[in-house]
Structures are given as structure tokens and as C-alpha cells.
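What the coordinates show
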Amino acid sequence: MTLDKLLYTIVIMFVSLGINAQEIATVSGTLKNKKGEAIESANIAIVGKSGGTKSDKNGNFSITIPANQNIQIGITYVGYPNIIKTFNLTPGEKADFSPTMNTAAETIPEYRHEEEGNRGDPMVKIEPKLATKFTSASGSFEAILKTLPGVSSNNELSSQYSVRGGNFDENLVYVNDIEIYRPFLIRAGRQEGLSFINSNMVSDIKFSAGGFGAKYGDKMSSVLDVTYKEPEEFAGSFTASLQGAAVHIEGASKDHRLTYLTGIRFKTNQYVLQSLDTDGEYRPSFLDVQSYVTYDINEKWEIGFLGNVAQNKYRFIPETRQTEFGTINQALQLTVFFDGQEVDQFQTYFGAISNTFTPKQGLELKFIASAFSTLEDEKFDIEGAYSIDELERDLGSDEFGDVKFNRGVGTFLDHARNTLDANVFNAEHKGKKISGNHTTFWGVKYQHEFIDDKISEWGFVDSTGFFIPHPADSIGYTTPSAQPNQLLELNEVLKSQVTLNSNRYSSYLQRSWAWETDSVNYTLTAGVRGAYWDLNEEFIVSPRTSFSIEPNWKKDYLFRVAAGVYYQPPFYREMRDFDGNINRDIKSQRSFQGVLGSDYNFKAWGRPFKFTTELYYKHMENIIPYEIDNVRIRYFATNNANAYATGIDFKINGEFVKGVESWFSMSVMKTEENLTDDFYIENLNSDGEVIIPGFTDNSTTVESNVIEPGNIPRPTDQRVNFSLYFQDYVPKLPSLKMHIALYYASGLPFGPSDNHERYKATLRIPPYRRVDIGFSYLLKDAKKENKSKIIGGFKNIWVSAEVFNLLQINNVISYLWIKDVTGRNYAVPNFLTSRQINVKFHFEF
């Protein structure tokens, strides 16, 4: 690390630490309804500013505000009218604000609106209880994100998602200001198990699909920022379903200096996997234990610990597979008989200790030390004997749908013995200071990585008695000594051992302003990040800014614009090519982004609604091309492409049904890339036809042309996405509810798997279409008295029935490529899950 780069990082750190604070005041109070009942989880915030707080179970809240100026405090809660009051307090003054909340609409238990927060902030807030009760086959916390604009996924078994043309590795995830990592070797969604985030422990969710500030890390697509709760009293929950079980407990000491929050989850998707087109014995087992504990040393110093231990095991013994594919004119069927098994194990350990200091009001200093370790083991030996048959499609034939004749037979064998040991250690400082009408954030971070990867993987295909790849031979020779040596050439051989040690340094400085002029609200955020990686000796600087204006119009509009330079330094996966080699000179991918958006709040049928639009463009350089198979991303490990992504997102959300929130999202997007060194040879025969092995009769080349493909669709080029999340209830029986999630996503690009030639990936997977529906009934309501000895000890009891893939649509996730000895390829679709029913019980105490 050169001296000037080191000085730059140190200067940012000390400049940020030297910011002077202005005086502040405090507004506190207790929120109750007209019956005198406490209002819990109401949102209290300074109008026009990010952040804010919530009322506790007793209705109490406290919020700090700048002194010596007019500040508007707003209180919002679903089913109640908004309350706004202006304060102008002297430094250190404390004011009481305890209005009575009068009901404006019928309140539906457990369902609340998405919080609006600061409308000018690119971070969108999501109500945690919506994520907890969301219906999905994966059962993951992230499932609700897939209904948001700009977010797409074509795999219900996976918690991974793509945002505005980016891949799964381009999304940041934070829990309590700590970046979260996921396992490396996972190939398919059915292996994933549990995502890190435990929805029972969440108190706050923020998400941005682009244009986020400099305080968030160096990735190019999105950021998910989750905060775990600090309980006020003892409570807990227990959930059981056909997919597994979960239990959590929480509580606090009498003096509230100690809080604890622990969750245990067990998941087995064996029931869902039985609907896949490959029959066999599925034995998945996923378990994790997570705990968050805080202790107040004194009023100004809090220590926190966040820990997680997860053990995900996946065993699969395939037996048979039968898949029909092709067209009406050429209907084909693949039949495979398997032998062997797959045994995978992913063990992850995570621990973090945080120290939070508030030496005076408005100033927060946080010091975090964290460690992440993953031990991954992937073993499989699977042999398959397959037959490709053409089916009878003559409607008048008695043998319609039966095998007409055989096109070929063959065998394949896939072998792997892969292990990976990855460790990431972090030490960082983060600070926040409220000064008048602006808030300043700063941070510095050191990260050490150690990775030990051993790969032994190969496969072969024997098609109709011929080994593929088929070596040159001379049929009918009489002099064996005159023939060349024959080598047994395996398919996709990958053998390597890599040990990697490296250090990363980063820092950021960000300031946000909020002010009002002539009843027009403005917000401005500007910041810069700097980072250095000693492995490739690269230093990057990432400036980011956003601006919003809320004009004083009759209609409630807000307009915002965001721009910035977003880098993505390579992690281990981006560095490893298809042969297992590591490119230590690889550089960060770079994206120049611009976002233009608007919000429109309005009322329809006397109920609140919000219409959001965002238009964006990304120009990307030094891109590392990649391929996606299911959820496995394999990189070319070289910066040899430029790319772009552009599109528009729409969302309308509100009370389509009185008292509960629903939303519709639609996105139109296009993303392409141009590999700078990409070309191929096109051979023509004497008839002027392009020679295609296995299809062209005249295969004698008379002319060859060099073709440069130019822009080609990126693997995440999903042009149209539409999603819906809708909630309803029986008007005279609001405890009986219905929630439905609908998805439509146009097909992703794909191509032949051999030779990893990106220009061939211009075919399209069929569109992803899916409907999941759930019905729930509140057996026990904490707000109503129940003297039953059986259920009286519980606060709330829910029972629900869920139907996954209601319309029984066969969605395609990827293709299995079968090649015969003539070189002809057959793309056999790998289908996702079919219709399944799940029953769930949820108890709160």
C-alpha cells in the first residue's frame, strides 16, 4: 500500500471524527388510543428526515431533534390519522408529546402498512411482520423482496435474487451494520437451506434497488439493511409446518440493561423436492441457531453480541427421471436411470461484538469486530444411463404419446470431491453525528480473508458407444504402431488447490441535509468511499449523491435523483476461472449509475395509496463475464467486457382492501454486454449454408468468416417482470385472511454449456409464471380475552394453509445438455416444483 493511498484513508478517518456537533433537544411521550390502550410500533420521525423511532409495547417513545429551529414531528400508524406537530426547543430542553390516537379505520390485527419514513431516501422500508407471514416455497425472509420493483427471481427454492440486471453476488446484506456472506459451493436452490436472516428476530427492514449512499459497501446492485430488535419483556414464538419448525425467545432484565434474543430454526424441503422431475431419495436437513444479546454498561455505553451457527446437509440418491420436451412437430422424451449419490455439507459460523458509545446526545460511535467462517464439502458420484426417444404425435394414432422410435442411448458419469474453507475477519468503526439540519456518517474498516479451496471434479459422456469428446481415430487400420496415441479425454475436468490470503481497507464519509424553504422540502445526501486491496494493489474512490424535492403542490408529489460510481472489488468467486485457476491481477468492476424517480401519494375510495416510478441507467466497465446454472455462478475471471443496463420500475401500493396493504410491481429492463476479445468462425458450404454439426448434410467448408458478436444479452437479461402481493379478509370475520403472491418474469438467456462461448447464449428460457396463495385464521387474539385453559396461555395463535404453484405450471430453471456422437445437442429442461400444499401453525407467548 503506497504512502499517498494510506494517507488518503487516514485523512478521511480523522476528518470525519473531527466534525463538531450542535446542540439538540428531546421530544418524548406516550401513545394511547381513546380507550387508553397503548399503541405499540407507531412510527415517530422528523418530517423530511431519514431515521426515526417506534413506540414500545407501553406506547412510550423518545426522539432527539435539533435545537433552536422549527422541527415537525410526525406520528403514523395504520388505521389512525397522521399527527404532525411543530417544536422549537432550546438546547437540552425536553418536551412531552402524548396525543390520543383516534381510530380512523377498522384495524386489522397483525397487518400494517409499509413505512414511508423519509421519502427522499433511496432506502425503502418494509414492515417486518409482512415478511414473517409471507407465503413462499422457500420459506426464506428474502421472498418478499422478489415482489418489489427491480427485483427478479426465477427460482422459488432459492433465497437469491437479481436486481436491475445484476447477479446474486452484487447484492449487499447487512444485519445490525455487519455485512453478511453466503456459502460459495452451492449449485442449486434445493441445497441452500436457511438464509442468514431470522424473520422472528427482525425489527426494521430497509432495501434499495439502486442509488444508495456511500455508507453502504462496494457492490453494484442493491443493499438490504436489517436491524434485529432489542426486546422490552419476555416473549417468544413457535412455528411448525410441513417444511420444518422454528422457535424463538426474547426478553430483558428488570432494569432493561440486558436484552436477549435467540432463535432456532430447522428446515427440510424434502416434501417440496418430491415434486421435482427427478425421482429419488431426498434427505435435506438444515439447522441454525442465532442469538443477539445486548448489555448496557452505563447510559452511554452498550455492548452487543450477534452469533450464528448453521449446519446445512443435503443428501440425494437419484433413481429415475423422465422428461418430455421439444415441439408439437418433434416431441422428445428423455429417460434416465441413475446410480450413485450426492452428499453435501455446509457449516457456517458467524460472530460479532459491537461497542456503541453515545458520549453526548446526537453523537454515536460504534466499534465492531466480526468473524465469518464457512466449511463446505461437496461430494458426488452420479452415473446415468439415458435414452432419447421421439414420441408419437399423430392424434389419430392409437399409440399417441408413446415412444415412436429411439434417437440414441448413452451414459454419463459426474464426479466431484470439492472442499472449501473460507474465513473473513473484520474490524471497523462507524460513527453518526446529528448537527442541526444535517446528519454525518463516517466509517473505517479493515478486513482479512483466508481461503483454502481444493477442487477435484470431472465428468464424461458415452453416447451410442462413442466417448465424448471423441478422439481422432482410423477405423480399419492394419498397422497399430503407425497410429497416434489415444488419450481418454474427460469432459469438464477441474483440478486445483488454491490458498489465498489478502487484506482490504476501506473508509467512507457521508452527509445528509434536510431543509424547508417556502413550504418546499429538500433533502441532499453526498458522500465518498475509498477502498484498497493489497492482493491486486488496487485503490478505488466511489463518490455518490442523491437529491430530492417535495414541492408544495395540491397533489402530493416528490421527485428525487441519485447518481454515483459503484465499484465491486472481486471476491474469491470472481477470481476463479473454469479451470480452477486464480487471476490475482483481476480488477474491480465499475458502474456509473443514474436514477430518476418520483412518488405520488393519493387517496382512492377514501384510502391511502402510493405510486412510485424509477428510471435508471447503468454504464459498466471492467466487467467480468459469467454463466449461471440454477444458482451457481461461474466467472471467466477476466475484465474483458463492457456492459449497460437500463429500465423503468413501477409500483403502486395501498389499501386496496380497507385496513390492509397490497401492492403491484412491474419492471421493464434490458442489459447487454460486449466482450472485447470475443469472436467465432462461421463456416459455409458450397450451398452458402452455415455448417451446423449434426444438422447440415453438406459439411464441406468452402468459405470461413470471422464474426464479432458485439452486444449480447447478459445472463440476467429478464426484460419484463410483474409481481403482485394482495391481502384480503372476511369483512365480518377479519381474523380469516387471504394473501396471494403472483409472479411473471420473461425468459432468461441460455446457451450450450460446452466451451463456455458467451455469444451462443442467446436462446431464451420460457417465462417464469407462478401463483402462491395462503389462508390464515387467528385462533387466539392477544387483544381479546380467552379463558380457555388450553390456549389461554398464548398471546396469538395462527393456523394457515398454503398452496404453492396453484396453477401447476412447469417452470424451467436450467437445461441439461445431451450430445450425440454426431455433435448434435439436445437441451432438456430442468423443471422446478409443481403444486404442493403446506400447513403451518404459529404460536406467540
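Some words on the overall build of the chain
- Looking only at helices and strands, the chain features 4 helices and 48 strands.
- Residue burial in the chain is summarised as follows: out of 845 residues, 54% are buried.
- Looking at the chain alone, contacts between residues at least 24 apart form 67% of all its contacts between residues at least 6 apart.
- Summed over its atoms, the accessible surface of the chain is roughly 36,800 Å², and 54% of this surface lies on carbon and sulfur atoms.

Overview of the confidence of the model for the chain
- Model confidence for the chain is summarised by a mean pLDDT of 85, while 89% of its residues fall at 70 or above.
- Counting interchain partners and residues more than four positions distant, the pLDDT-below-50 stretch residues 3-22 has 33 contacts.
- Throughout residues 104-117 the model reports pLDDT below 50, and contacts reaching past four residues in sequence, or to other chains, amount to 64 contacts.

What about the environment of Glu-655?
- Within the secondary structure layout, Glu-655 lies in strand 35 (residues 641-657).
- Expressed as a C-alpha distance, the spacing of Glu-655 and Arg-607, which sit 48 residues apart in the sequence, is 6.0 Å.
- At 2.9 Å, the side chain of Glu-655 and the backbone nitrogen of Gly-659 are in polar contact.

Concerning empty space enclosed by the protein
- Overall, the coordinates contain 12 cavities of 30 Å³ or more when judged by the stated rule.
- A volume near 690 Å³ is recorded for the second largest cavity.
- Lining the second largest cavity are 35 residues, and of these Thr-132, Gly-139, Ser-199, Thr-239 and Lys-840 lie nearest its centre.
- Secondary-structure elements contributing two or more residues to the lining of the second largest cavity are helix 2 (128-132), strand 17 (235-241), strand 18 (244-252), strand 19 (258-267), strand 45 (796-804) and strand 48 (836-844).
- Looking at the lining of the second largest cavity element by element, the count peaks at 4 residues for strand 45.
- A per-class count over the lining of the second largest cavity returns 12 nonpolar, 18 polar and 5 charged.

Considering the pattern of salt bridges
- Inspection of the entire model under this criterion finds 33 salt bridges.
- Note that Lys-430 and Glu-428 form a salt bridge whose closest N and O atoms lie 4.0 Å from each other.
- Judged by relative accessible area, which is 11%, Glu-428 ranks as buried.
- Across the pair Asp-453 and Arg-576 runs a salt bridge, and its minimum N-O distance is 2.6 Å. Taken together, the residues span a long stretch of sequence, with Asp-453 in strand 25 (residues 438-463) and Arg-576 in the loop between helix 4 (572-575) and strand 31 (589-604) at a distance of 123 residues. The pair Asp-453 / Arg-576 is uniform in exposure class, with both members buried.

Some details on the nonpolar core
- Within the largest apolar cluster, 71 residues are counted, with the highest numbers of intra-cluster contacts made by Ile-197, Phe-207, Leu-224 and Tyr-228.
- The residues contacting Phe-207, other than those within four sequence positions of it, are Pro-122, Met-123, Val-124, Ile-126, Leu-145, Leu-148, Val-151, Tyr-161, Val-163, Ser-222, Val-223 and Leu-224.
- In terms of nonpolar packing, the next biggest core, distinct from the first, is built from 19 residues, Ala-25, Ile-44, Tyr-77 and Phe-87 among them.

Description of the packing of aromatic side chains
- For the structure shown, the criterion picks out 40 aromatic pairs.
- Considering the side-chain rings of Trp-553 and Phe-559, the 5.7 Å spacing of their centres and the 65° angle between planes classify their relative orientation as edge-to-face.
- By relative accessible area, which is 32% here, Phe-559 ends up partly exposed.
- Geometrically, the ring pair formed by Trp-663 and Tyr-725 is tilted, given 5.0 Å between the ring centres and 45° between the ring planes. One end of the pair, Trp-663, is in strand 36 (residues 660-675); the other, Tyr-725, is in strand 40 (residues 720-730), with 62 residues separating them in the sequence. We note that Trp-663, like Tyr-725, is buried.
- A network of ring pairs unites the aromatic residues Trp-553, Tyr-557, Phe-559, Tyr-600, Phe-602, Trp-605, Phe-609, Phe-656 and Phe-664 as a single cluster.
- Positioned above the aromatic ring of Trp-533 is the side chain of Arg-504, whose terminal nitrogen or guanidinium carbon lies 3.9 Å from the ring centre.
- A cation sits over an aromatic face here: Lys-651 above Trp-663, 5.0 Å from the ring centre.

Brief notes about the sheet that holds strand 10 (residues 124-126)
- Reading across the sheet, the 5 strands line up as 10-15-16-13-14 and stay open at both edges, with mixed pairing between neighbours. Pairing within the sheet leaves two strands with one partner each, and these edge strands are strand 10 and strand 14 (178-179).
- Bridge count between strand 15 (residues 202-208) and strand 16 (residues 222-228): 6 bridges; the pairing is antiparallel. Paired with Ile-205 across the bridge in strand 16 is Val-226.

Concerning the pairing of strand 35
- Sheet topology note: the strand 32 (residues 607-623)/strand 35 ladder contains 13 bridges and is antiparallel. Paired with Thr-613 across the two strands is Phe-650, which belongs to strand 35.
- Both strand 35 and strand 36 contribute to a ladder of 15 bridges, which runs antiparallel. Directly across from Ile-652, in strand 36, lies its bridge partner Phe-664.
- With antiparallel pairing between neighbouring strands as the criterion, strand 35 and strand 36 make up a hairpin whose turn holds 2 residues, including Gly-659 at a positive phi of roughly 95°.

Quick notes on the side chain of Asp-225
- By the element assignment, Asp-225 lies in strand 16.
- Reaching out from Asp-225, the side chain makes a polar contact with the side chain of Tyr-216 at a distance of 2.8 Å.
- Once residues lying within four places of it in the same chain are set aside, the contact partners of Asp-225 are Met-123, Tyr-174, Asp-204, Ile-205, Lys-206 and Tyr-216.

Comments concerning the sheet that holds strand 1 (residues 24-30)
- Judged by pairing direction, the sheet is mixed, and its 3 strands sit side by side in the order 5-1-8 without closing on themselves. Edge positions in the open sheet fall to strand 5 (60-66) and strand 8 (94-96), since each of these has one partner strand only. Neighbour-to-neighbour, the strand axes of the sheet open up by a mean angle of 25°, direction not taken into account.
- Sheet topology note: the strand 1/strand 8 ladder contains 3 bridges and is parallel. Counterpart to Ser-28 in the pairing with strand 8 is Asp-96.

Digging into a nonpolar patch on the surface
- On the surface, a nonpolar cluster with roughly 440 Å² of combined accessible area is contributed by Phe-238, Val-247, Ile-264, Phe-266, Leu-287 and Val-289.
- Sorting the residues of the nonpolar patch by element identifies strand 19 and strand 20 (278-298) as the ones contributing at least two each.
- By the element assignment, Val-247 lies in strand 18.
- Taking the relative accessible area as the measure of exposure, Val-247 reaches 30% and is therefore partly exposed.

Considerations on unusual backbone geometry
- Despite not being glycine, Asp-518 has its phi angle at roughly 55°, a positive value.
- Checked against the element boundaries, Asp-518 lands in the loop between strand 27 (491-517) and strand 28 (520-533).
- Phi angles above zero are rare outside glycine, and Ser-519 is one such case at about 65°.
- Tracing the backbone through its elements, the reader meets Ser-519 in the loop between strand 27 and strand 28.
- What makes Ser-519 partly exposed here is its relative accessible area of 42%.

The rules behind these values
The residue numbering used here restarts from 1 in each chain and proceeds along that chain's sequence as written. Owing to the predicted nature of the model, reporting of local features is limited to residues with pLDDT of at least 70; listing and counting of side-chain atom pairs is limited to 80 or more, with chain, interface and lining totals taken over all residues. Based on all heavy atoms of the structure, the side-chain values leave hydrogens and waters out of the count. Secondary structure elements are defined from DSSP: runs of H or I of at least 4 residues count as helices, runs of E of at least 2 residues count as strands, and each element is numbered from the N terminus. Note on exposure labels: buried denotes an accessible area under 20% of the residue type's maximum, exposed denotes more than 50%, and partly exposed covers the range between, all computed with a 1.4 Å probe on protein chains only. Whether two residues touch is decided by their heavy atoms; if any such pair falls within 4.5 Å, the residues are in contact. Surface accessibility follows the Shrake-Rupley procedure with a 1.4 Å probe radius. Residue values consider only the protein chains on display as shielding. The pLDDT value expresses, per residue, how confident the predictor is, ranging between 0 and 100. In protein, a polar contact means a hydrogen-donor-capable atom and an acceptor-capable atom, both N or O and within 3.5 Å, with residues adjacent in sequence counting only if both atoms are side-chain atoms; elsewhere, any N or O pair within 3.5 Å suffices. Both site types are read off a 1 Å grid over the protein atoms alone. A 1.4 Å probe that fits but cannot get out defines a cavity, while an open set with protein on both sides within 12 Å along at least five of seven lines defines a pocket; lining residues have an atom within 4 Å of a point. Grid points are joined across faces, edges and corners, and a volume is the space filled by probe spheres set on the points. Basically, the charged four are Asp, Glu, Lys and Arg, the nonpolar ten are Ala, Val, Leu, Ile, Met, Phe, Trp, Tyr, Cys and Pro, and anything else, Gly included, counts as polar. Between Lys or Arg on one side and Asp or Glu on the other, a salt bridge is scored when a side-chain nitrogen of the former is within 4 Å of a carboxyl oxygen of the latter. Residues belong to a common nonpolar core when they are buried Ala, Val, Leu, Ile, Met, Phe, Trp, Tyr or Cys residues joined through side-chain atoms within 4.5 Å. Here the aromatic set is Phe, Tyr and Trp, taking the six-membered ring for Trp, and pairing holds for ring centres within 6.5 Å; pairs whose planes are under 30 degrees apart are stacked, those over 60 apart are edge-to-face, and all others are tilted. Each ring is checked for a lysine NZ or an arginine CZ that lies within 6 Å of its centre and within 35 degrees of its normal; such an atom marks a charge sitting over the ring. By the convention used here, strands pair only if DSSP detects at least 2 bridges between them. Axis geometry follows a simple rule: fit a line to the C-alpha atoms, using only the stretch in contact for helices, then measure angles between N-to-C directions, giving values from 0 to 180 degrees. Distance thresholds for patches are 9 Å for like charges and 5 Å for nonpolar side chains (Val, Leu, Ile, Met, Phe, Trp, Tyr), applied to residues having over 30% relative accessible area and no salt bridge.

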